[in-house]
Amino acid sequence: MTRDVPEHPDWLWSSPEPKRSYDVVIVGGGGHGLATAYYLAKNHGITDVAVLERGWLAGGNMARNTTIIRSNYLWDESAGIYEHALKLWEGLEDDLGYPILFSQRGVLNLAHSLQDVRDSVRRVHANRLNGVDAEWLTPEEVKEVCPIVNVSPDVRYPVLGATYQPRAGIAKHDYVAWGFARAAAAMGVHLIENCEVTGVEVADGRVQAVQTTRGRIAAGTVALSAAGHSSVVAATAGVELPVQTHPLQALVSELLEPVHPTVVMSNAVHVYVSQAHKGELVMGAGIDPYNSYRQRGAFHIIERQMSAALELFPIFARAHVLRTWAGIVDVTPDASPVVGTTPVDGLLVNCGWGTGGFKATPGVGWCYAHTIAHGEPHPLNAPFSLERFTTGALVDEHGAAAVAH
Amino acid sequence: MTSRRMTGWQGEPVRFRFDGRDYEGVRGDTLASALLANGVRTVAASPALGRPRGIYAAWTEEPNALVRYGVEPMAQATTLDLAEGLDATSLRGRGRLSEEPDTGRYDAVYAHCDVLVVGAGPAGIAAATAAAETGARVIIADDRPIAGGSLPDTAETVGGVPGAEWAAATLAALDDRPDVRVLSRTSVFGYYDDNHLVAVERRGVDAYSRERVWRIRARRVVLATGAHERPIAFAGNDRPGVMLAASARAYVNRHGVLPGERAVVFTTNDSAYAAARDLAAAGVEIAAIVDTRETAGPAPDGAEVLAGHVVTAVGGEEGVTSVTVSASDREDRDDREIEADLLLVSGGWNPLVHLFSQAGGELRHDDGIGSFVPGSVRQAVEVAGAARGVFTLAGCLEDGAAAGARAAEAAGFRVESVFETPGTPAEEPAAPAGHLWLVPSADYGTHFVDLQRDVTVADVMKATGAGLRSVEHVKRYTTAGTAHDQGKLSGVLTSAVVGHALGLPLADLGTTTFRAPYVPVGFATLAGRDRGALHDPVRTTSLHEWHVVYGAPFENVGQWKRPWYYPRAGEDMEAAVLRECHAVRTAVGAMDASTLGKIDVQGPDAAEFLDRIYTNMMSTLKVGAIRYGVMCRPDGMVFDDGTVIRLADDRFLVTTTTGNAAAVLDWMEEWLQTEWPQLRVYCTSVTEHWATVALAGPGSRDVLAGLAPGLAVDAASFPFMTWRDTEVAGLAARVCRISFSGELAYEINVNAWDGLALWEAVMGTGVVTPYGTETMHVLRAEKGYPIVGQDTDGTVTPADLGMDWVVSKKKPDFIGKRSFARADTSRPDRKHLVGLLPADAGRLLPEGAHLVETSTLPEPPVPTLGHVTSSYRSAVLDSTFALALVSGGRDRMGEVLYVPLGDEQVPVTVTSHILYDPEGARRDG
Amino acid sequence: MLLIPCPWCGPRDEAEFHYGGQAHVAYPENPAALSDEEWARYLFFRDNPKGRFAERWNHTAGCRRWFNAVRNTATNEIEAREVTA
């Protein structure tokens, strides 16, 4: 096998038959579901837990995202949960005993207009107040961090500077999922693949069980963690969620010798790029505009992304797109997630992460496990309630400064 | 090295270098065929293990022979045309991006057709011909330089002539038809919804564009993409000299190259026998045919056939020197070593279902073929020939013709005559193929599954041993199928090995997902022409050239280029802006305001419509008057602002911010069309129709009077917030008395064609200072006028901006009104727009800096009170100043807050956001 | 790239259109009469089915007209169309 990636452990997880009943059923065996199961077991001693996955474990957005990890969000509420996640990332490899290839190579968010600059500086200052490492870099400093970025003033939208979070970076998505899965399974959590939840049973305002393609499974608590399919599952319990499901595409190049030392994101010239450990360039851009559950986007989105990439990185001209794919992401009106209780007793929801869920994996797993264990939110996910859409207390992360990915 | 070129093979010589050594090939060679012709066996080291690797295949499925050359970071030697002077270097798994700029040009073409045929092999050519006969518009695309699919490889005859000749002649005839387009060297790499397919055409260095992308919309598609011969996993199957049987046949027939001298053939099926015959005829000695089946086929002359045997080992570190074979199912294995320098492998054939699968088609396992074939599909697509498991030449021709006719018929054309397929030589009916994916062994350490990723059967078994059962997991655990070739050869093999390890049938495991692009496609190819200045359109005003001549740096505002400031010799930005500000405050200045969005709103219900769209009342506006207005989203947050001028009872001209012009027009149209279709209102964008010059400052009245002698300019005749149609500098003009600076000011609007003449007339007075967007920003900030998008961010209500006065109390409803009553929007501690004066009057606060309450910064997290939205030096205030959104700001007047900047806590005093001329004394001059 | 049947212009590439989300969500007749919960539903909650979905499109790069279509969000197939009333 190739030696540019670490050796995996000889044992990951088993595939038990589902029991008829669990204390907690987590719907969705992606990164969030697995992390939640892990922290339920580890932090709260709750191990009578099943994670139900409709396909193969972590085969949805966890396997499809571009693995960017950062916590430099604008609003205090967001910074709270993402920075909690980043601190957990920093110890995760040891915690899980699994090589997750967490690389704190920094993230640059480029600014291309005077308003971009204002918004970026605003975010840097907000980050510092929240204890999030953040710097504002001039174009020359951008060039020092990432020499291949084109900072020439003679382009359509020149780079006017960038925010830089040195502690940000990337990790290997599959290994993160497998690390959580292996550790959760070792503590007794059941990981059930090829088990699609087709309905949530509710009686007298309280959750009773889930119906699955592998039979009925009773549960004290049902915790949704189903990303793009959240609406579909919640609807079976009569719960409506303020999310819309969209395709989000990404792509990789062939393996290349190291050329890109950090992560670069640009909202105005819309693309984000890193170079993974094996050497492939990993890139993404915006969502496809229409609702869809088909894990397939349209190609003009990719073409547009290539033109953006070459504006920033002329050296990529002769690189090749090797593979494209799409996930389906659940997007909320304020580009912030929903994590907490629902009108149905015992039914909890974690959804609406849109394009940004990977980076939150350990943080949301930690907080969601707390919410499950206590029946009420952890202080860090309390602002992300469903009620905020009624009161108007949104956490609007696509307004001014935020990069939603 | 000895030449392996067949004697008598003609070709213009081509010189090239590989890994620093000089060689010679012939025109028509690929780099791979030329290397083989020169006897080069080892072309690369494997990426992880460093094992020597040779050429394994003959086209895009090649896993080993990767090279770089020129600015090309990675290419397959098997698809690379040999060009004079080519200087290629072998790669060990990873490409290298060149520092040299790419000088290539790239294009894109849109094409529509009734029937798109992918692949110009026998099935594709037959399909295209059958479809074209009906009169359908046909495009046939083929990825190779010479069409015919496998025909040039097999040298079979069609209609009594060599197949390659038949293919060329038939395609040429097709190309002559007006409704047929033949695309060669064109790889269809993506199949998207609603029969949208994307292809890349490699036009070569001499063409205007090196490569171009075809974006094809087809009513019907015929996929005639052929099949890949599949490898078998056995010990040492990666040694140079191990090659797919059909690929070796291709090197002989297509390129006149003998890939070895003495060959062993290892096969599960009849097709390798034909390869063996061709190689033998060309002069390669066939030492033995090792057939996994108990009943073997007829051998070519002199070759020994070992039925029921497998290859158990390969001798030779640097390349095959011997092949060890053994009876497969016997206890007393009689290993036998056969001397050979070439080992041809055929594990059967995998139909190329990639595009079909991309189209959303379901695959089904075919037990006869032992692999996956197209099943059901929702898109308008047919599959023909080897791509659906038809492996005979006659069968492919017939299948293709039928598919082409079906496609044309489904696209609405009448099939009048059945296309008669040309005759082919009689073929022996093939004996049933055996299915063997791997040769069982006690040690799977050199049974390679993915040569390019150095993944072995042992690696796959480690993955299944770790508990993994999904082929997707195994792919990720081992990285099999993730190299440049995207598992063209290794994909199904990996599934089969997983099945072997888990004791599950291949049919149950399926494959990993087939994803676009089918072949790697260059970034620059896809970016096409949308680069540099064409990355996004540039919009300029009719005065633009003047700004350029006068040295203004430009600010990008949306797609517009706006003059930022006009530096004089020796001035930096700060000095220029202060001078411009001073000129407006004390004399007169002019700005190009043409980029403001302008929408002509007409109709009997226009006033009612604007009442619903704006937060304030517009229906009470008198003809001839102007009103400032704010519009909100339904959530109550400010969306845009601008002025509304009433031209007639049923006609208004609405101005928007520069960046939001299109969004506001879309917004109006959406409400009109989808919510209020009963309103008789028509909206037209007139932004580009007008040029607008803002004339501001106490001297503006005199300047205007001089330029517009027919206009009564005194304050009584031409009051604030009114407009007049008149002539300015002899040009028909509409003059609005509005001010964004607090000074006496006018906006002069003329036909865009006259913009430059107006501007030059204004400048010709000799007393007017041109000013740019930065000065405009400073002047408006001194007056506390917010800029939407700078002082607001989508979370700010009109009340937050201190603009209760712009929110009508009388109207029963308008967009956003209901939201003002929500709990969060009526909180007293919302962020309000306020002014800030630093304690140090010379200290310029950075825009984006935050505010806290305490003079020493506590440990994080520190809740922010808000942030600085605008900050400037002033020509009229005694201090720098800023605008900020501050929690409960209006209740903090006079309070000292702190701006943390590095180690400093910079004290600032909260003031009203209106810092200059709060009583508005200056607007009348 | 979907092929979207504009009722006025005929089938055109998706890139010519602007998406408008769920169809048939009318602006409330009297927003002031709604509770905060009801108003929040109007503002922020839209159906998100996997399957048939009545949705709005605007042919922005063509006739600029809005229209409704029914598309299957599981397959992206547009099943029928109707003109906005």
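Think of each chain on its own: its residues are numbered from 1, step by step along the sequence as written. For this description, chains carry letters from A and ligands carry numbers from 1, given in the order in which they are written. Note on the predicted model: pLDDT of at least 70 is required for a residue's local features to be given, and 80 or more for side-chain atom pairs to be given and counted; whole-chain, interface and lining totals, by contrast, use all residues. As a rule here, side-chain values come from all non-hydrogen atoms in the structure, and water together with hydrogens is ignored.

- Going by an unreviewed UniProt entry, chain A carries the name Sarcosine oxidase subunit beta and comes from Planotetraspora phitsanulokensis.
- UniProt positions are given in the numbering used here, feature names are shortened, and annotations may be inferred rather than shown by experiment. Entered under Subcellular location (unreviewed entry) in the UniProt record, the comment concerning chain A runs "Cytoplasm".
- Under the UniProt heading Sequence similarities (unreviewed entry), the entry covering chain A gives this text: "Belongs to the SoxB family."

1. Section: the overall build of chain B
Then, in step 1: Counting secondary structure elements, chain B contains 20 helices and 50 strands.
Then, in step 2: In terms of overall dimensions, chain B is more spread out than a globule: its C-alpha atoms have a radius of gyration of 38 Å, far above the 29 Å expected for 925 residues.
Then, in step 3: If one aligns the C-alpha atoms of chain B with their principal axes, the spans along those axes are about 115 × 70 × 55 Å.
Then, in step 4: Counting only residues that meet the buried cut, chain B has 62% of its 925 residues in that class.
Then, in step 5: For chain B, long-range pairs separated by at least 24 residues make up 64% of all intrachain contacts whose partners lie at least 6 apart in sequence.
Then, in step 6: Per-residue accessibility takes into account occlusion by the displayed protein chains alone, with areas from the Shrake-Rupley method and a 1.4 Å probe. Accessible surface, chain B: about 33800 Å² in total, of which carbon and sulfur atoms supply 50%. To qualify as a helix, a DSSP run of H or I must reach at least 4 residues; to qualify as a strand, a run of E must reach at least 2; elements of each kind are numbered from the N terminus. We take the radius of gyration over the C-alpha atoms and set the globule estimate at 2.2 Å times the residue count to the 0.38 power. Burial classification: accessible surface area is computed with a 1.4 Å probe over protein chains only, and a residue below 20% of its type maximum counts as buried, one above 50% as exposed, and the rest as partly exposed. Should any heavy atoms of two residues lie within 4.5 Å, those residues are considered in contact.

2. Some thoughts on the sheet that holds strand β20 (residues 304-307) of chain B
Residue and element names in this part refer to chain B.
Then, in step 1: At least two bridges found by DSSP between two strands is the condition for calling them paired. With parallel pairing, the five strands of this open sheet are ordered in space as β17-β24-β18-β19-β20. At either margin of the open sheet sits one strand with a lone partner, and together these are β17 (242-244) and β20. Sheet twist, expressed as the average angle between the axes of neighbouring strands with direction ignored, equals 20°.
Then, in step 2: With five bridges joining them, strand β18 (residues 262-267) and strand β24 (residues 342-346) adopt parallel strand pairing. Residue pairing across strands places T267 opposite S346, the latter belonging to β24.
Then, in step 3: Against the sheet, helix α5 (residues 245-255) engages β17 and β24, with an angle of about 85° to β17. Fitted lines through C-alpha atoms serve as axes, helices being fitted only where they are in contact, and the angles separating the N-to-C directions of these axes extend from 0 to 180 degrees.

3. Side note on the interface of chain C and chain B
Then, in step 1: Every contact between the two is made by 25 residues of chain C and, on the other side, 26 residues of chain B.
Then, in step 2: We define buried area as the total accessible area lost by two parts upon association, computed with a 1.4 Å probe and summed across both. Interface area for chain C against chain B, summed over the two sides, is near 2300 Å², with a carbon-plus-sulfur share of 46%.
Then, in step 3: When residues of chain C are sorted by the area they lose upon contact with chain B, C:M1, C:Y27 and C:W66 head the list and together hold 27% of the total.
Then, in step 4: In what follows, salt bridge is the name for a side-chain nitrogen of Lys or Arg lying within 4 Å of a carboxyl oxygen of Asp or Glu. Linking chain C to chain B there are five salt bridges.

4. A look at the domain arrangement of chain A
Residue and element names in this part refer to chain A.
Then, in step 1: Domain delimitation in this document rests on an assignment produced automatically or drawn from a domain database. Here the domain parsing of chain A yields domain 1 (15-66 + 173-242 + 333-391) and domain 2 (104-167 + 244-331).
Then, in step 2: Its C-alpha centre places domain 1 at a distance of 30 Å from the equivalent point of domain 2.
Then, in step 3: A combined buried area of about 1300 Å² lies between domain 1 and domain 2, and 53% of that area is made up of carbon and sulfur atoms.
Then, in step 4: When the buried surface of domain 1 facing domain 2 is broken down by residue, R64, T66 and G228 rank first, second and third, together holding 43% of it.
Then, in step 5: Counting every contact that joins domain 1 to domain 2 gives zero salt bridges.

5. Remarks on the sheet that holds strand β35 (residues 597-602) of chain B
Residues and elements named next belong to chain B.
Then, in step 1: Ordered in space as β36-β37-β38-β35-β39, the five strands form an open sheet in which the pairing is antiparallel. The open sheet has two edge strands with one neighbour each: β36 (626-632) and β39 (682-685). Taking each pair of neighbouring strands and ignoring which way they run, the sheet shows an average axis angle of 30°.
Then, in step 2: When β35 meets β39, the two strands line up antiparallel, connected through four bridges. Bridging from a neighbouring strand, Q602 pairs with Y682 of β39.

6. What about the UniProt feature "domain: Rhodanese" (unreviewed entry) in chain A?
Then, in step 1: The sites that UniProt annotates as "domain: Rhodanese" (unreviewed entry) are residues 24-68 of chain A.
Then, in step 2: Span residues 24-68 of chain A is 40% helix and 20% strand, its end C-alpha atoms 30 Å apart.

7. Structural notes on the confidence of the model for chain B
Then, in step 1: Of the residues in chain B, 99% reach a pLDDT of 70 or more, and the chain-wide mean stands at 96.
Then, in step 2: This complex was scored by the predictor with a pTM of 0.96 and an ipTM of 0.97. Confidence of the predictor in every single residue is expressed as pLDDT, which spans 0 to 100.

8. A short note on the pairing of strand β13 (residues 263-266) of chain A
Residues and elements named next belong to chain A.
Then, in step 1: Burial along β13 is two-sided: the face carrying V263 and M265 and the face carrying V264 and S266 are both buried.
Then, in step 2: Note: strand β4 (residues 107-111) against β13, four bridges, orientation parallel. What sits directly across from L110, in β13, is S266.
Then, in step 3: Pairing analysis gives three bridges linking β13 to strand β14 (residues 271-275), with the strands arranged antiparallel. For V264, the partnering residue across the bridge sits in β14 and is V273.
Then, in step 4: Joining the antiparallel neighbours β13 and β14 is a turn of four residues.

9. Comments concerning the nonpolar core
Then, in step 1: We define a nonpolar core as any set of buried Ala, Val, Leu, Ile, Met, Phe, Trp, Tyr and Cys residues linked to one another through side-chain atoms lying within 4.5 Å. Ranked by internal contacts, the top residues of the largest apolar core, which has 81 residues, are A:L34, A:W89 and A:F180.
Then, in step 2: With 62 residues, the next largest nonpolar core counts A:A219, B:I599, B:M618 and B:W667 among its residues.

10. Things to note about the pattern of salt bridges
Then, in step 1: The tally for this structure, following the rule as stated, stands at 76 salt bridges over all chains.
Then, in step 2: For B:E382, the salt bridge goes to B:R220, with nearest N and O atoms at 3.1 Å. One end of the pair, B:E382, is in strand β28 (residues 381-383); the other, B:R220, is in strand β15 (residues 211-223), and 162 residues separate them in sequence. Of the two residues, B:E382 and B:R220, both sit in the buried class.
Then, in step 3: C:E79 is the partner of C:R52 in a salt bridge, and the nearest nitrogen-oxygen pair spans 2.6 Å. One end of the pair, C:R52, is in strand β4 (residues 52-58); the other, C:E79, is in strand β6 (residues 78-82), with 27 residues separating them in the sequence.

11. Focus on helix α8 (residues 393-410) of chain B
Residues and elements named next belong to chain B.
Then, in step 1: For α8, spanning 18 residues, the distance from its first C-alpha to its last is 26 Å, which sits close to the expected 26 Å at 1.5 Å a residue.
Then, in step 2: Buried within α8 we find L393, G395, C396, L397, D399, G400, A401, A403, G404, A405, A407 and A408.
Then, in step 3: Any pair of nitrogen or oxygen atoms within 3.5 Å is treated as a polar contact; in protein, a donor-acceptor pairing is required on top of that, and neighbouring residues in sequence qualify only through side-chain atoms on both sides. Where α8 starts, the residue carrying a side-chain oxygen 3.0 Å from the main-chain nitrogen of G395 turns out to be T392.
Then, in step 4: Just downstream of α8 lies G412, where phi reads positive at about 105°. Given a helix with a known number of residues, its expected span is that number minus one, times 1.5 Å.

12. Quick notes on helix α1 (residues 31-44) of chain A
All names here are of chain A.
Then, in step 1: Look at α1: 19 Å from first C-alpha to last across 14 residues, which is about the 20 Å you get at 1.5 Å a residue.
Then, in step 2: Burial within α1 is extensive, with 11 of its 14 residues counted as buried.
Then, in step 3: Where α1 is concerned, the buried positions are G31, H32, G33, L34, A35, T36, A37, Y38, Y39, L40 and A41.
Then, in step 4: Following α1 by one or two positions, G45 has its phi on the positive side, about 65°.

13. What about the pairing of strand β41 (residues 723-728) of chain B?
Every other side chain in a regular strand lies on the same face of the sheet, so the side chains alternate between the two faces.
Residues and elements named next belong to chain B.
Then, in step 1: In this structure, β41 lies alongside strand β42 (residues 731-736), joined through six bridges in antiparallel fashion. In the sheet register, E727 faces β42, and the bridge partner there is A732.
Then, in step 2: Once β41 ends, the chain turns through two residues before running back antiparallel as β42, passing A729 with a positive phi of about 50°.

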